[in-house]
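Single-letter residue listing:
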Amino acid sequence: MSSVQWTILCLVALASVVVIDVGRRRLKRQKSPSPYPLPPGPPPLPIVGNMHGVDVKAPWLTYSEWSKVYGDLVYARLFDKDIIIISSGKIAKDLLEDRSINYSDRPNIITNELFGVGFNTVYMPYGERWRLQRRFLHQNFKANSSSRFVPMQQRKVHQLLHRLLESPERYFESLFQYASSVITNAVYDYDPVSGDRMVNIIGRVSELVTSALPPEVAAPLGAFPIILNIPSWFPGMTIKKNAEICREWTNDWVEVPFKHALQRMSDGSATPAMVLDALGKVDEKDASPGWMKDLKDAAATAFIGEAPCLLLRSSATLMTFILAMVLHPEVQEKVHAQIDVVVGKDRIPTLDDRPSLTYVDAIMRETLRWHPLAPLSLPHAAVNDDVYNGFYIPKGATVITNIWAIAHDESRYPKPSDFNPGRFLNPDGTLTSDDVTNIAFGYGRRICVGKDFADVTIWSAMSTILALFKLSLPKDEDGKEMPFEPKWVTGITSYPLPFPCSFEPRIPGMDAKKLEEIINAST
Ligand code: HEM
């Protein structure tokens, strides 16, 4: 068939679907099952619903505007998908935690299967398989078991510091190398090299998947799946081409590191790692092919849970942190003063110093609040019809938590756009009870399983970078800082694009040898 014939066929098909869709929606509206009204929301247009009003690159900003007009529980429709948007911590807790039985599902997003990632814990519907995979991850990454990774995380942070000293201009890659190596070590006992092929594949898969995952991107395809019959060479069908590439790579992402872990196991490795530990403990009779597959899928999930974008979440958070430091020298001065008193200059901070380094924790909380990495968390779905505060929440609705709006709530965080770690400190310098991680890592049974592990990964990097370096914008010939406008990656995650940054050692005469001495004095 020629491309002209294809085009005509597709347009005719599209027109038929539109007509059928309008009829179906009329019917649905006539038989609304609930006497309660839907939550308030912006007026929809035919077919597209509220899609036209959404900034697809930064939907959290649109949803925050809507919440100012319609309240903290908003109803919208993206094509044929019912969307409930939560913009308050209280409602998020009431629904996702107190009624978790109804809100722990994930929406059926057409791009999951298309991209071949429906198998993994992050996108999986609530049920037995999810429970088993989540158990593997939880057993490994909950606070008391993830503490066995601390020596490995510290070793990796030391390598990061060496890289930053050696090639400060490549700090972006070094952060990625750090975050990817801590996760592959913890899951597979796999230590990637710089530019590692496997890590690159996983990073690319994550990038392709998550560019297509947001409900705002997937909605038109979900409403008109016939579009997927259009060939991938057709203009505008890159999503299909990306899906083909992704399906090919997914096999490598799941199988290659798992084979490596099996090899490490037969070599007799005693290093703690999720896959090796699970295989070491399981009875032969329980290790069915199904069990093995779930272990493999959960292991691959740990990486995509941490890497919903080209950067990993931990390294993306560190990029936001570095940007905040560069923009706020006064904050660095305060934290440097505390580090110098608590730790001195002959060693670097360790987790034992954490209770005294309250300003570092305040910076970490403010980083997660100021520019939340996952501004809309991950979507949940309502299993059954529900009524909340007199409003009807339809079965199957996609439930979006607007973390951005909660973290920028002016009544809780005055001047929310300012970067001000002091908001998390009491007058006596101790930390307040507002642990913002309760917002940044999601809510309910689908809360981030890597929360405690990420906490150590991020804190260790932040505290040691601050101890060793003064971060600033590069200066021009006249010694003036060169101005720049931060640019942000947007999508399911949001973090700054690489920007010029100078890493000036705070300790005179710092070189690789001196750094090694300081590290040795700290272990
Ligand atoms: C700064 C670092 C991180 C942030 C801000 C973060 C944030 C989040 C958020 C907001 C969710 C969605 C929660 C919900 O649906 O309500 C999530 C889910 C998830 N995260 Fe993280 N995460 C981080 C690091 C990690 C790491 C290091 C891992 C791996 C060990 C990980 C594994 C996962 C998994 C597997 C899920 C899906 C859980 C499920 O659906 O049951 N995350 N994360």
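All figures in this text were calculated on a predicted structure; none of them were measured in a lab. (Residues numbered from 1 in each chain as written. Predicted model: local features only at pLDDT ≥ 70, side-chain atom pairs only at ≥ 80, totals over all residues. Heavy atoms only, no water.)

Enquirer: Quick rundown of the environment of Thr 493? Include the residues and the values.
Expert: Among the secondary structure elements, Thr 493 is positioned in the loop between β8 (488-489) and β9 (495-496). Its relative accessible area of 3% is what places Thr 493 among the buried residues. Taking the C-alpha atoms as reference, Thr 493 lies 8.2 Å from Leu 376; in sequence the two are 117 residues apart. (Helix = DSSP H or I, 4+ residues; strand = E, 2+ residues; numbered from the N terminus. Buried < 20%, exposed > 50% of the residue type's maximum accessible area, 1.4 Å probe, protein only.)

Enquirer: Report on the site of the ligand, specifying residues and quantitative values.
Expert: Neighbouring the ligand are 26 residues; Arg 106, Arg 134, His 380, Arg 446 and Cys 448 lie closest to it. The separation between an oxygen atom of the ligand and a polar side-chain atom of His 380 is 2.8 Å. A distance of 2.9 Å is found between an oxygen atom of the ligand and a side-chain nitrogen or oxygen belonging to Arg 446. Of all elements in the fold, only α6 (128-141), α14 (289-306), α15 (313-327) and α20 (451-468) reach the threshold of two or more residues within the shell around the ligand. Of the residues that constitute the shell around the ligand, the class distribution is 13 nonpolar, eight polar and five charged. (Near = heavy atom within 4 Å. Polar contact = N/O pair within 3.5 Å; in protein donor to acceptor, adjacent residues only side chain to side chain. Nonpolar A, V, L, I, M, F, W, Y, C, P; charged D, E, K, R; others polar.)

Enquirer: Tell me about the packing of aromatic side chains, and name the residues and values.
Expert: On inspection of all chains with the given rule, the structure shows 16 aromatic pairs. With a centroid separation of 5.5 Å and an interplanar angle of 80°, the aromatic rings of Phe 136 and Trp 291 are classed as edge-to-face. One end of the pair, Phe 136, is in helix α6; the other, Trp 291, is in helix α14, and 155 residues separate them in sequence. Relative accessible area serves as the criterion here: at 14%, Trp 291 is assigned to the buried category. In this structure, Arg 131 is placed above the aromatic ring of Tyr 126, and the distance from its NZ or CZ to the ring centre is 5.2 Å. The residue whose ring lies beneath Arg 369 is Tyr 413, and the NZ or CZ to ring-centre distance is 5.3 Å. (Phe/Tyr/Trp six-rings, centres within 6.5 Å; stacked < 30°, edge-to-face > 60°. Lys NZ or Arg CZ within 6 Å of the ring centre and 35° of its normal.)

Enquirer: I'd love a proper account of the sheet that holds strand β2 (residues 81-86), names of residues and values included.
Expert: Read from one edge of the open sheet, four strands run β1-β2-β6-β3, paired in mixed fashion. A single partner strand is all that each edge strand has here, and the edge strands are β1 (73-78) and β3 (380-381). For β2 and strand β6 (residues 398-401), the ladder comprises four bridges, and the chain directions are parallel. Bridge assignment links Ile 84 to a residue of β6, and that residue is Val 399. (Pairing = 2+ DSSP bridges.)

Enquirer: Lay out the UniProt feature "binding site: heme" (unreviewed entry) in the protein chain with the relevant residues and their values.
Expert: Under the present numbering, the feature "binding site: heme" (unreviewed entry) in UniProt falls on Cys 448. Relative to the elements of secondary structure, Cys 448 occurs in the loop between α19 (437-440) and α20. Note on Cys 448: relative accessible area 29%, which makes it partly exposed. Ignoring anything within four residues of it in the chain, the contact list for Cys 448 reads Arg 134 and Phe 441. (UniProt positions renumbered as here; feature names shortened; annotations may be inferred. Contact = heavy atoms within 4.5 Å.)

Enquirer: I'd like a rundown of the side chain of Gln 153, residues and numbers included.
Expert: Along the chain, the position of Gln 153 falls in helix α8 (residues 150-166). Among residues more than four places away in sequence, those in contact with Gln 153 are Ser 146, Tyr 178, Val 182, Phe 453, Val 456 and Thr 457.

Enquirer: Which residues make up the packing of α8 against helix α21 (residues 512-522), and what values go with them?
Expert: A pair of packed helices is characterised by two quantities: the angle between their axes and the separation of those axes. Interaxial distance between α8 and α21 falls to 10 Å at its minimum, and their mutual angle equals 155°. As judged from the angle between their axes, α8 and α21 are roughly antiparallel. Judged by the sense of rotation from one axis to the other, the crossing of α8 with α21 is right-handed. Along its contact with α8, which presents His 158, Leu 161, His 162 and Leu 165, the element α21 presents Ala 512, Leu 515, Glu 516 and Ile 519. Split into classes, the residues belonging to the contact of α8 with α21 amount to five nonpolar, two polar and one charged. (Axes fitted to C-alpha atoms, helices over the stretch in contact; angles between N-to-C directions. Parallel < 35°, antiparallel > 145°, perpendicular 65-115°, else oblique. Left-handed = near helix turned anticlockwise from the far one by under 90°.)

Enquirer: Can you lay out the pattern of salt bridges for me, pointing to particular residues and giving the numbers?
Expert: All told, the structure shown has 21 salt bridges when counted by the stated rule. Its salt-bridge partner being Asp 353, residue Arg 347 comes within 2.9 Å of it at the nearest N-O pair. Using a relative accessible area of 8% as the deciding quantity, one classes Asp 353 as buried. One network of salt bridges, in which partners are shared, links Arg 129, Lys 293, Asp 294 and Asp 297. (Salt bridge = Lys/Arg side-chain N within 4 Å of Asp/Glu carboxyl O.)

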